Each structure stands twice: as structure tokens, then as C-alpha cells.
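Close look at the chain arrangement
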Amino acid sequence: MAATPEWYDLDGDGQLEAVISHRGNLSAWRFDGTSLWQQRLDNALVSGVYDLDGDGESELVVSAGTPSQLHVLRARDGAVRYVVPGNFRWLASRVCAWPK
């Protein structure tokens, strides 16, 4: 099954990077095809990129796992910032409606 990329500026350089969830991996790729980062996250649903804590760096909001957990990753390198246990797939699907 083919994966459909979602496009975000993950590293603040003004260029869009592709975020792809496929076969239990969430990965980010630059437009030229070079890998930015990869995380092992099953059933990942990306909600969007936000500066959640006001530090000037973007975070990627992801619902992933079985049971689903809310994952907040640093957008530029995929480092895990927070993991909140519980079924947050409903929340992650609505976060994209938050103002940026």
C-alpha cells in the first residue's frame, strides 16, 4: 500500500518537508529526497505542526500506537518531547483546527 505524504516546514527553513507514515514508521524527508529523521510509531496519524510551548520551535502532533497515545515530536529532528497515554486519536484529529 502506498503512503501519501503530508507537507510541512519542519525545520523553519521556509521549505516544505514530507512526513510519511508507512509500515510502522513515521519519517520526514526533504524535497530533494534526503532523510530528515525517522521514528518507530505504529498507526501514526499526524495532526499538524505547531509551536505548542512557545519556545520558537515547532512540534509535530501525532496520535500513534495501540492503544493510541498522543506523541509530541520536535519537528526539526523527530525527537520525542512528550508522550501522553490514553486514547487521543479523537483529539489529534481535531488539533488541526487550532489557530496557528
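A brief look at the structure comes next. Here the structure is a predicted model, which is why all the values come from computation and not from measurement. (Residues numbered from 1 in each chain as written. Predicted model: local features only at pLDDT ≥ 70, side-chain atom pairs only at ≥ 80, totals over all residues. Heavy atoms only, no water.)

This brings us to the overall build of the protein chain. In terms of helices and strands, the protein chain carries 1 helix and 8 strands. Seen in sequence order, the protein chain has helices and strands lined up from the N terminus as β-β-β-β-β-β-β-β-α. Split into buried and exposed, the 100 residues of the protein chain put 35% on the buried side. (Helix = DSSP H or I, 4+ residues; strand = E, 2+ residues; numbered from the N terminus. Buried < 20%, exposed > 50% of the residue type's maximum accessible area, 1.4 Å probe, protein only.)

This part is about the sheet that holds strand S3 (residues 25-29). Read across the open sheet, the 4 strands follow the order S1-S2-S3-S4; overall the sheet is antiparallel. This sheet does not close on itself; its edge strands, each paired only once, are strand S1 (6-8) and strand S4 (35-40). Along the sheet, successive strands turn relative to each other by an average axial angle of 20 degrees, direction set aside. Note: S3 against S4, 5 bridges, orientation antiparallel. (Pairing = 2+ DSSP bridges. Axes fitted to C-alpha atoms, helices over the stretch in contact; angles between N-to-C directions.)

With that out of the way, let us pick up the environment of Pro85. Its place among the elements puts Pro85 in the loop between strand S8 (80-84) and helix H1 (89-95). On the accessibility criterion, Pro85 (59% relative accessible area) is exposed. Placed 20 residues apart in sequence, Pro85 and Gly65 show a C-alpha to C-alpha distance of 9.8 Å.

Once that is clear, we can look at the packing of aromatic side chains. Inspection of every chain in the model, using the stated rule, returns 1 aromatic pair. Ring geometry for Trp7 against Phe31: centres 6.1 Å apart, planes inclined by 55 degrees, an arrangement best described as tilted. Here the residue Trp7 occupies a position in strand S1, and Phe31 occupies one in the loop between S3 and S4, the gap between them amounting to 24 residues. (Phe/Tyr/Trp six-rings, centres within 6.5 Å; stacked < 30°, edge-to-face > 60°.)

Further remarks concern the nonpolar core. Grouped together as the largest cluster of nonpolar side chains are 16 residues, with contacts concentrated most on Leu10, Leu26, Trp37, Leu60 and Val62. The set of elements that each furnish at least two residues to this core consists of S3, S4, strand S5 (45-50) and strand S6 (59-64). When near neighbours in sequence (up to four residues on either side) are disregarded, Leu10 contacts Glu17, Val19, Ala28, Leu36, Trp37, Val49, Leu60, Ala75 and Arg76. (Core = buried A, V, L, I, M, F, W, Y, C linked by side-chain atoms within 4.5 Å. Contact = heavy atoms within 4.5 Å.)

Turning to the pattern of salt bridges, a few remarks are in order. Under the definition given, this model contains 8 salt bridges. A salt bridge links Asp77 to Arg74; the shortest N-O distance between them is 2.8 Å. By relative accessible area, which is 29% here, Asp77 ends up partly exposed. Among the charged side chains, a salt-bridge network with shared partners connects Asp53, Asp55, Glu59 and Arg81. (Salt bridge = Lys/Arg side-chain N within 4 Å of Asp/Glu carboxyl O.)

Function cannot be read off these values alone, since they describe shape.
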